[in-house]
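What follows is the residue order along each chain.
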Amino acid sequence: MVAMDAPTIEQRVRFSDLSRDSKAVAEAAERGPVTITRRDGEALVLMLKSEADADRAGLALASQIIAVAVTDWPDSFAARLRGPFPWMLFLSETAQEEFAAELVETARACASIARFEPLATVIHAWQSTAEAHAAGWTGDGYDWLDSPVDVERPGAGDQV
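Calculation criteria
- Residues numbered from 1 in each chain as written.
- Predicted model: local features only at pLDDT ≥ 70, side-chain atom pairs only at ≥ 80, totals over all residues.
- Heavy atoms only, no water.
- Helix = DSSP H or I, 4+ residues; strand = E, 2+ residues; numbered from the N terminus.
- Buried < 20%, exposed > 50% of the residue type's maximum accessible area, 1.4 Å probe, protein only.
- Contact = heavy atoms within 4.5 Å.
- Areas by Shrake-Rupley, 256 points an atom, 1.4 Å probe, with all protein chains shown as cover.
- Patch = residues over 30% accessible without salt bridge, like charges linked within 9 Å, V, L, I, M, F, W, Y side chains within 5 Å.
- Salt bridge = Lys/Arg side-chain N within 4 Å of Asp/Glu carboxyl O.
- Pairing = 2+ DSSP bridges.
- Axes fitted to C-alpha atoms, helices over the stretch in contact; angles between N-to-C directions.
- Core = buried A, V, L, I, M, F, W, Y, C linked by side-chain atoms within 4.5 Å.
- Phe/Tyr/Trp six-rings, centres within 6.5 Å; stacked < 30°, edge-to-face > 60°.

Quick look at the overall build of the chain
Here comes step 1: Each helix and strand counted, the chain has six helices and three strands in total.
Here comes step 2: Element order for the chain, N to C, with α for helix and β for strand: β-α-α-β-β-α-α-α-α.
Here comes step 3: Counting all 160 residues of the chain, 25% fall into the buried class.
Here comes step 4: Of all intrachain contacts in the chain linking residues separated by at least 6 positions in sequence, the fraction that spans at least 24 positions is 33%.
Here comes step 5: Just so you have it, the chain exposes about 12,000 Å², and 56% of that area is on carbon and sulfur atoms.

Description of a nonpolar patch on the surface
Here comes step 1: A grouping of Trp137, Tyr142 and Trp144 is seen on the molecular surface, where their side chains present a nonpolar patch of about 410 Å² in accessible area.
Here comes step 2: Within the secondary structure layout, Trp137 lies in the segment after helix 6 (117-134).

Structural notes on the pattern of salt bridges
Here comes step 1: For the coordinates displayed, the defined rule picks out six salt bridges.
Here comes step 2: Residue Arg115 is joined to Glu51 by a salt bridge in which the shortest nitrogen-to-oxygen separation is 3.4 Å. Of this pair, Arg115 sits in the loop between helix 5 (93-113) and helix 6 while Glu51 is found in helix 3 (residues 49-70), placing the two residues 64 residues apart along the sequence.
Here comes step 3: Salt bridges linked by common partners bring Arg14, Asp17 and Arg20 together as one network.

A few points about the sheet that holds strand 1 (residues 11-14)
Here comes step 1: The strand order across the open sheet built from three strands is 1-2-3, with neighbouring strands paired in mixed fashion. In this open sheet, the two strands that pair with only one neighbour each are strand 1 and strand 3 (41-46). Recorded for the sheet is a direction-independent mean angle of 25 degrees between the axes of neighbouring strands.
Here comes step 2: Pairing of strand 2 (residues 34-38) with strand 3 involves four bridges; the strand directions are antiparallel. Bridging across to strand 3, Ile36 finds its partner in Leu44.

Some words on the nonpolar core
Here comes step 1: Counting residues in hydrophobic clusters, the biggest one holds 21 residues, and the most contacted among them are Leu81, Phe85, Trp87, Phe99, Leu103, Leu119 and Ile123.
Here comes step 2: Looking at this core, the elements that each hand over two or more residues are helix 3, helix 5 and helix 6.
Here comes step 3: If one sorts the elements of this core by residue count, helix 5 sits on top with six residues.
Here comes step 4: For Phe99, the residues in contact, after removing those within four places along its chain, are Leu81, Phe85, Trp87, Met88, Ile123 and Trp126.
Here comes step 5: Within the second largest apolar cluster, six residues are counted, among which are Ala28, Ala29, Val34 and Ile36.

Side note on the packing of aromatic side chains
Here comes step 1: Within this structure, the stated rule accounts for four aromatic pairs.
Here comes step 2: With 5.6 Å between their ring centres and 55 degrees between their planes, Phe85 and Trp87 make a pair best called tilted.
Here comes step 3: Given a relative accessible area of 12%, Trp87 falls into the buried group.
Here comes step 4: Here the aromatic rings of Phe85 and Phe99 are separated by 5.5 Å at their centres, their planes lie at 90 degrees, and the arrangement is edge-to-face. Of this pair, Phe85 sits in the loop between helix 4 (77-80) and helix 5 while Phe99 sits in helix 5, and the two are 14 residues apart along the sequence.
Here comes step 5: Assessed through its relative accessible area of 6%, Phe85 is described here as buried.
Here comes step 6: Residue Phe99 is classed as buried on the basis of its relative accessible area, which comes to 0%.

Below is the structure:
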């Protein structure tokens with residue numbers, strides 16, 4: 001079994017440090033979770049709410065992925081992902097398989113560093129693609145450029 005602990009810089013302070021210099025402890029929490037040790041009780045963790053929310057969302061998503069992966073269905077993993085992500089129906093079968101692969105790869109990478117924001121970005125990007133397909137955008141009829149082209153700033157010639 002491979003250890004799943006994420007390498008992090010551990011910040012530890014005593015409870016008395018929190019009461020003596022709460023500003024410094026709060027500033028440390030801006031850089032990452034701070035473990036507050038206590039003589040008379042279990043240690044506490046001080047962290048940004050956004051980090052705690054991202055952790056919860058990441059764990060909730062991971063549990064959904066695991067539930068879908070271990071379910072004994074005859075369908076592919078990508079097809080089973082349509083349960084938690086019904087918008088996948090607007091993607092082609094190939095795109096659904098690409099999403100499934102990227103989702104698992106990114107989830108594993110995020111878990112290895114205990115940062116789940118990139119996972120949310122992957123899901124949002126694929127969902128946006130599905131929304132575009134649902135709205136009728138196919139990507140056809142466009143000339144895709146191989147290199148950037150300089151253009152004038154819109155309205156540059158207009159007088160204000």
